[in-house]
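The lines below spell out each chain.
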Amino acid sequence: MTTNQKIQELQEQQVREIAKQRLQSAINSLQRAMHDLEVYADKYDNANTDYDRAKVINYAINHLYCNIQPYLRIDLLADSQAELAKLEVNNA
């Protein structure tokens, strides 16, 4: 095996490992989000009026949009998807 082949294999393995890490990061963010939403569900259950329930739902939506979606790093997952697809084409 030549040095170039070894380097190529190491680079391919690194792409795969980074993709897995990015996926795990998204999973972790979603698990934190699930816990946060359970707090909102408790607040919803304890709300006395529909107005208060609507406010809780609004807060939950805001939380999802502002605090969770940016941390999913969908852009990094898309980059990994493209890199893995490129590996497949190069190895075909």
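Structure's up top.
The rules behind the values
Residues numbered from 1 in each chain as written. Predicted model: local features only at pLDDT ≥ 70, side-chain atom pairs only at ≥ 80, totals over all residues. Heavy atoms only, no water. Helix = DSSP H or I, 4+ residues; strand = E, 2+ residues; numbered from the N terminus. Buried < 20%, exposed > 50% of the residue type's maximum accessible area, 1.4 Å probe, protein only. Contact = heavy atoms within 4.5 Å. Patch = residues over 30% accessible without salt bridge, like charges linked within 9 Å, V, L, I, M, F, W, Y side chains within 5 Å. Areas by Shrake-Rupley, 256 points an atom, 1.4 Å probe, with all protein chains shown as cover. Salt bridge = Lys/Arg side-chain N within 4 Å of Asp/Glu carboxyl O. Expected span 1.5 Å × (residues − 1). Bend = angle between axes of the 7 residues up to and from the residue.

J.: Honestly, the overall build of the protein in this entry has me stumped. Any pointers?
T.: Helix and strand counts for the protein stand at 3 helices and 0 strands. For the protein, the sequential pattern of α-helices and β-strands runs α-α-α. Reported as C-alpha extents along the three principal axes, the dimensions of the protein are approximately 70 × 15 × 15 Å. Within the protein, the fraction of its 92 residues that count as buried is 16%. Excluding contacts between residues fewer than 6 apart, the proportion of contacts in the protein whose partners are at least 24 apart in sequence is 69%.

J.: How should I be thinking about unusual backbone geometry in this particular structure?
T.: Working note: non-glycine residues mostly have negative phi, and peptide bonds are mostly trans. We note that Arg 73 has phi near 50 degrees; this positive angle belongs to a residue other than glycine. Structurally, Arg 73 can be placed in the loop between helix H2 (50-72) and helix H3 (74-91). Of the residues examined, Arg 73 reaches a relative accessible area of 38% and is grouped as partly exposed.

J.: Would you take a moment to explain a nonpolar patch on the surface for this structure?
T.: Residues Tyr 44, Ile 57 and Ile 61 make up a contiguous nonpolar surface patch of about 280 Å² in total accessible area. By secondary structure assignment, the location of Tyr 44 is in helix H1 (residues 3-46). A residue is classified by how much of its surface remains accessible, and Tyr 44, at 35% relative accessible area, is partly exposed.

J.: Help me out: how do you make sense of H2 in this one?
T.: Residue pairs spaced three or four apart in an α-helix point in one direction, given the helix's 3.6 residues per turn. The terminal C-alpha atoms of H2, which comprises 23 residues, lie 31 Å apart, in line with the 33 Å expected from a rise of 1.5 Å per residue. Of all bends in H2, the biggest is about 30 degrees, found at Leu 64. Of all the residues in H2, the buried ones are Val 56, Ala 60, His 63, Ile 68 and Leu 72. Lining the buried residues of H2 we find H1 and H3. One or two steps after H2, the chain reaches Arg 73, where phi turns positive at roughly 50 degrees.

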